[in-house]
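# Inside the fold
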Amino acid sequence: MTHIPHGAHWIAGEKITTDARFDSTPATGPSHAFSAGTPDLVARACAAAEEAFWTFGYSSRDDRARLLEAIADEIEARAAAITAIGTAETGLPEARLNGERGRTTGQLRLFADHIRKGDYLDRRHDPALPDRQPAPRPELRMVQRPIGPVAVFGASNFPLAFSTAGGDTAAALAAGCPVVVKGHSAHPGTGEIVADAVSAAVAACGLHPGVFSLVQGGKRDVGEALVTDPRIKAVGFTGSLSGGRALFNLCAARPEPIPFFGELGSVNPMFVLPDALAARGDAIAQGWAGSLTMGAGQFCTNPGIAVVVDGPEAEAFTAAAKAALDPEAAQTMLTDGIAAAYREGRDRVAGTEGVRAVLTSVCDRRNATPYLFETTAGAWLANHALGEEVFGPLGLIVRARDADEMRAVAHSLDGQLTCTLHLEAGDTALARELMPILERKAGRILANGFPTGVEVADSMVHGGPYPASTNFGATSVGTLSIRRFLRPVCYQNLPEDLLPEDLR
């Protein structure tokens, strides 16, 4: 099915066009023209979101669950068109887009089930103790309440699951917060057709149209206007460290500072412990190569670093990784800018003292081919830049002299989304020594697996200490992510009729 974009923004249930235009830059097929956002358009969307909050923020959980399910249904009704334009814009294969669409609709329905159960409300009740000495206690009740309109920035690498109707939008709507989305210019047609689905669902459910708006494109002032609008009460963002940090600073500098939930970057190191390296180093290397090159390495959980203890087993591991990566063909990256940044990262790593190239290749324009480098733990510890993310299929093997130096590498890490331990039974003592370090560094710790592929579930944590994310107490995946858009309110001695419905 072919979708010809209308090129308009969605502002509170209306398609709005602007004089300023921009063209998409698809990996294949023709480009299309889209209206470019403006600060005035952002202000209009935020005003509508604030107006909508006075009803949507006080709607029933069942009403919001029906909205989430309706959005999922509307997305599925446009499945073929979404896949067609998504593959053209991003260069991602059809199977990947179909899987990501399933994840997107699945998490919408998961949040519908989650809020119907009501456990997320964390309801608490301390009965009055009028006869308590030396002073009586009043009746106290507490519940989580929505915070207000939320801004969401679409991600370049997940045109569905982390974009217009992705996890941030699903969590905010589930909480009762209207959403203003800043669409990503890498896939505006995909964002548009999903926005069509969301707007249709809002209308079908009879909700205030300000519950959802999409602003496409625009200059930097559009994003700045969105995060500084006084009606916005939180921001969800997935993207680069530099862009996220700039928006984070704007949120902190507001007269009323607001939380900025940014997921910014991670090298997701793997620690291949000695017995595991000896027993199955080849298999681990092959699995690493598959994880490293999945989706041209354009996953925030891409495991870019492998830490091993030096010796013959490390040599064999390096050779096996090279052999697994060598036949990998070039893959199309999401944008020309991402491809250029990948080449810059490759050159930065290759030009670092103490780094040796194991596998080199040639990539240009929008293509990515794998690279493999190795260095010593001493060189790693001496150069902090080696721990910076390279967004693409590039791997770096860090050879430690011994277990002590492996622990030193763990201590040196910045905050990570994930850390992985590959271990056998004989590695348990070393793993126990590493665990307290890794717990302080990452939001998710894996054993004998690979971090690409983030399960959408109650227990998932997709976040970590800075710079993996800007709020280490939060997650952007899983049902716990709803807590980002709620705040606890205590009610003291309030009559039953004045309490929120969920406390009665």
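Residues numbered from 1 in each chain as written. Predicted model: local features only at pLDDT ≥ 70, side-chain atom pairs only at ≥ 80, totals over all residues. Heavy atoms only, no water.

With that out of the way, let us pick up unusual backbone geometry. Outside of glycine, negative phi angles account for most residues, and trans bonds account for most peptide bonds. Of note, the bond from Gln 133 into Pro 134 is cis; its omega dihedral lies within 30 degrees of zero at 5°. Relative to the helices and strands, Pro 134 is located in the loop between β5 (124–126) and β6 (140–146). With an omega of 10°, the peptide bond between Tyr 466 and Pro 467 qualifies as cis. Assignment of secondary structure puts Pro 467 in the loop between β20 (442–447) and β21 (486–492). (Helix = DSSP H or I, 4+ residues; strand = E, 2+ residues; numbered from the N terminus.)

Counting buried positions along strand β18 (residues 394–400) yields seven of seven residues, so the element is predominantly enclosed. Alternating positions in β18 separate into two faces, Leu 394, Leu 396, Val 398 and Ala 400 on one and Gly 395, Ile 397 and Arg 399 on the other, with burial throughout. Note that strand β13 (residues 305–309) and β18 share five bridges and pair parallel. Following the sheet pairing, Val 308 is matched in β18 by Arg 399. (Buried < 20%, exposed > 50% of the residue type's maximum accessible area, 1.4 Å probe, protein only. Pairing = 2+ DSSP bridges.)

A separate point is the sheet that holds strand β8 (residues 179–182). The seven strands lie next to each other as β2-β1-β9-β8-β7-β10-β11, forming an open sheet whose pairing is mixed. Each having just a single partner strand, β2 (14–16) and β11 (260–263) make up the two edges of the open sheet. Each neighbouring strand pair of the sheet contributes to a mean axis angle of 20°, computed without reference to strand direction. Sheet topology note: the strand β7 (residues 150–153)/strand β10 (residues 234–238) ladder contains four bridges and is parallel. Bridge pairing links Val 152 to Gly 236 in β10. In the packing of helix α6 (residues 188–204) onto the sheet, contacts are made with β1 (9–11) and β9 (212–215), and the angle to β9 comes to roughly 160°. (Axes fitted to C-alpha atoms, helices over the stretch in contact; angles between N-to-C directions. Contact = heavy atoms within 4.5 Å.)

Mapped onto the elements of the fold, Asp 63 is located in helix α2 (residues 61–77). Overall, the relative accessible area of 31% leaves Asp 63 in the partly exposed class. Residues Asp 63 and Glu 139 lie 76 residues apart in sequence; the distance between their C-alpha atoms is 30 Å.

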